[in-house]
Amino acid sequence: MLGNFTYHNPTKLYFGEDALGYLKDELKNYGSNVLLVYGGGSIKKSGLYDEITAILGDAGKNVAEVAGVMPNPTVEKLNEGVKTARENKTDFILAVGGGSVCDYSKAVSVSVNCGDDPWEKYYIRFEEPTCDIIPVGCVLTMAGTGSEMNGGAVITNHATKQKIGHVFGDDVMPKFSILNPKYTMTLPKYQMTAGIYDIMNHICEQYFSGEDDNTSDYISEGLMRGLITASRKAVIDPTDYEARSNIMWTATWALNTLVAKGKSTDWMVHMLGQAVGAYTDATHGMTLAAVSLPYYRYIMPYGLKKFARFAAEVWGISREGKTDEQLAEAGLAAMENWMKELGLVMKISELGVTGDMLEGIADATLILDGGYKIFDRNDVMTVLKASM
Ligand code: NZQ
Ligand code: ZN
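Residues numbered from 1 in each chain as written. Chains lettered and ligands numbered in written order. Predicted model: local features only at pLDDT ≥ 70, side-chain atom pairs only at ≥ 80, totals over all residues. Heavy atoms only, no water.

## Observations concerning the sheet that holds strand β3 (residues 62–66)
Link 1 in the chain: If you trace the six strands from one edge of the open sheet to the other, you get β1-β8-β5-β4-β2-β3, paired in parallel fashion. If you trace the sheet from one side to the other, it starts and ends with β1 (12–15) and β3, each paired once. Strand-to-strand twist across the sheet, computed as the mean angle between neighbouring axes with direction ignored, equals 20°.
Link 2 in the chain: Both strand β4 (residues 92–97) and strand β5 (residues 136–140) contribute to a ladder of five bridges, which runs parallel. Paired with Ile93 across the strands is Val136, a residue of β5. (Pairing = 2+ DSSP bridges. Helix = DSSP H or I, 4+ residues; strand = E, 2+ residues; numbered from the N terminus. Axes fitted to C-alpha atoms, helices over the stretch in contact; angles between N-to-C directions.)

As structure tokens, this is what we get:
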């Protein structure tokens with residue numbers, strides 16, 4: 001049942017090859033001290049850094065920078081960004097990069113005017129911001145996380161071996177995001193396919209929950225079908241603009257709260273993947289790919305009808321002559337073939353997980369209760385072992 005809800009997503013999107021042209025006008029809405037945040041250098045190589053600094057210069061902004069935001073941004077880097085923003089009296093944060101840069105900018109935005117330690121406040125105590133939030137805008141260079149239109153901000157603490165996401169509310173979502181599919185064309189294949197699987201799994205995490213026959217499920221099926229088609233084209237020809245734009249647009253809708261409406265939502269693949277990430281610092285989408293088939297095969301009997309529907313509606317497998325179980329298994333087999341076609345990492349051992357880490361990873365796995373089977377620690381261990 002869809003039930004009662006409010007839907008409001010405040011992020012304005014500019015999509016397409018001309019999207020960066022709107023940055024100039026957007027900048028007029030914010031103060032003069034801009035913090036430009038980016039990653040390890042891909043935007044310098046691609047020339048986007050030069051384009052953006054020219055626009056900021058023309059707009060008369062005072063620009064401070066935080067460079068080197070790493071994939072899976074750390075708590076130490078967060079503290080550095082907060083310090084830089086305070087020193088420069090930042091009025092507006094411009095994130096240029098992938099989900100890590102965008103997430104990181106949101107985490108900085110809620111911490112600059114707040115006296116508390118951000119890790120303790122947002123990632124241990126899960127409090128909401130009580131101080132002024134600095135507005136964030138995003139120029140996205142990688143499709144996957146949906147960070148461009150959501151309140152998520154995932155931070156890693158290597159000292160405590162924790163990778164934790166805080167999903168903030170409307171006030172923290174980017175004020176605007178600029179989505180030019182062309183920017184994603186310089187991604188290495190590994191990152192492109194990791195992003196594609198991240199998108200797929202975001203949809204699955206919401207789709208595989210509840211037994212309802214609601215609009216969210218139909219939207220999800222369409223998004224998944226479109227993603228599968230586009231991903232097959234993009235792997236063959238990474239310069240296929242239509243495929244890359246369909247992937248980018250699907251990523252945004254996969255995780256901007258829309259398809260969660262009416263769903264309890266699972267998110268256990270993400271909890272397992274994040275725990276693997278805390279131990280290995282592996283690429284987010286690959287951690288999901290490596291645990292998800294063992295997870296879905298394990299919970300399939302508890303959500304059999306939905307897995308059968310997934311096979312028929314997403315993978316186009318005929319229902320004829322098959323039990324629900326046979327159909328459901330065929331659906332997961334089709335997903336497995338597609339994942340192999342993309343060249344995804346299918347085992348956590350390939351991401352650096354060794355047998356002696358498993359107990360620790362199980363301890364670091366947060367257990368949520370929205371899926372078809374509510375896990376205990378033994379279930380977590382079973383799935384982790386099957387993912388080796
Ligand atoms: O740092 P640079 O040099 O820019 O290189 C990055 C990075 O090495 C590179 N890259 C990005 N755009 C590029 C490019 N290289 C060439 N050309 C381009 N156009 O790709 C690498 C990965 O980038 P990253 O931002 O880390 O990837 P992604 O977008 O997958 O973000 C991952 C982070 O987002 C979190 C993850 O946990 C992880 O920390 N997530 C955020 C979510 C949210 N906000 O809702 C949900 C997700 O489930 C996820 O947990
Ligand atoms: Zn994800």
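## Description of the site of ligand 1
Link 1 in the chain: Near ligand 1 there are 29 residues, and of these Gly40, Ser42, Gly99, Ser100 and Thr186 occur at the shortest range.
Link 2 in the chain: Taking Ser100, its side chain carries an N or O atom lying 2.5 Å from an oxygen atom of ligand 1.
Link 3 in the chain: Against a free-state accessible area of 960 Å², the protein chains account for coverage of 88% of ligand 1.
Link 4 in the chain: Secondary structure elements with two or more residues in the shell around ligand 1: α5 (99–109), β6 (152–157) and α7 (189–207).
Link 5 in the chain: Tallied by class, residues from the shell around ligand 1 come to eight nonpolar, 18 polar and three charged.
Link 6 in the chain: When residues of the shell around ligand 1 are sorted by domain, at least three fall in each of domain 1 (12–183) and domain 2 (189–386). (Near = heavy atom within 4 Å. Polar contact = N/O pair within 3.5 Å; in protein donor to acceptor, adjacent residues only side chain to side chain. Areas by Shrake-Rupley, 256 points an atom, 1.4 Å probe, with all protein chains shown as cover. Nonpolar A, V, L, I, M, F, W, Y, C, P; charged D, E, K, R; others polar. Domains from an automatic or database assignment.)

## Focus: the side chain of Thr156
Link 1 in the chain: Its location among the elements puts Thr156 in strand β6.
Link 2 in the chain: For Thr156, a relative accessible area of 1% translates into the label buried.
Link 3 in the chain: In this structure, Thr156 is in contact with Asn72, Pro73, Thr74, Val75, Gln162 and Lys163, ignoring residues within four places of it in sequence. (Buried < 20%, exposed > 50% of the residue type's maximum accessible area, 1.4 Å probe, protein only. Contact = heavy atoms within 4.5 Å.)

## Quick look at the pattern of salt bridges
Link 1 in the chain: Following the criterion strictly, the structure yields 19 salt bridges and no others.
Link 2 in the chain: Where Lys77 meets Glu80, a salt bridge forms, and the shortest distance between an N and an O atom there is 3.1 Å. One end of the pair is Lys77 and the other is Glu80, both in helix α4 (residues 75–87) and three residues apart, which spans about a single turn.
Link 3 in the chain: Looking at Lys77, the relative accessible area reads 9%, which means it is buried.
Link 4 in the chain: When its relative accessible area of 38% is taken as the criterion, Glu80 is described as partly exposed.
Link 5 in the chain: For Asp379, the salt bridge identified is with Lys373, shortest N-O distance 3.6 Å.
Link 6 in the chain: Taking relative accessible area as the criterion, Asp379 reaches 6% and is therefore assigned buried.
Link 7 in the chain: Via salt bridges that share partners, Asp116, Lys121, Arg125 and Glu127 belong to a single interconnected network. (Salt bridge = Lys/Arg side-chain N within 4 Å of Asp/Glu carboxyl O.)

## What about the coordination of the zinc ion (ligand 2)?
Link 1 in the chain: Protein coordination at the zinc ion (ligand 2): the donors are Asp198 (OD), His202 (NE2), His270 (NE2) and His284 (NE2), at 2.0 to 2.1 Å from the metal.
Link 2 in the chain: Sequence spacing among the residues donating to the zinc ion (ligand 2) works out to D-x3-H-x67-H-x13-H. Of the two residues, Asp198 is situated in helix α7 and His284 in helix α11 (residues 284–299); the sequence distance between them amounts to 86 residues. The same class applies to Asp198 and to His284, which are both buried. (Donors = N, O, S within 2.8 Å, 3.2 Å for Na, K, Ca; no water.)

## A word on the environment of Tyr190
Link 1 in the chain: Among the structural elements, Tyr190 can be located in helix α7.
Link 2 in the chain: Residue Tyr190 is classed as partly exposed on the basis of its relative accessible area of 37%.
Link 3 in the chain: Linking Tyr190 and Met286, residues 96 residues apart in sequence, is a C-alpha distance of 8.8 Å.
Link 4 in the chain: Leaving out residues up to four positions away in the same chain, Tyr190 has contacts with Thr283, Met286, Val345 and Leu351.

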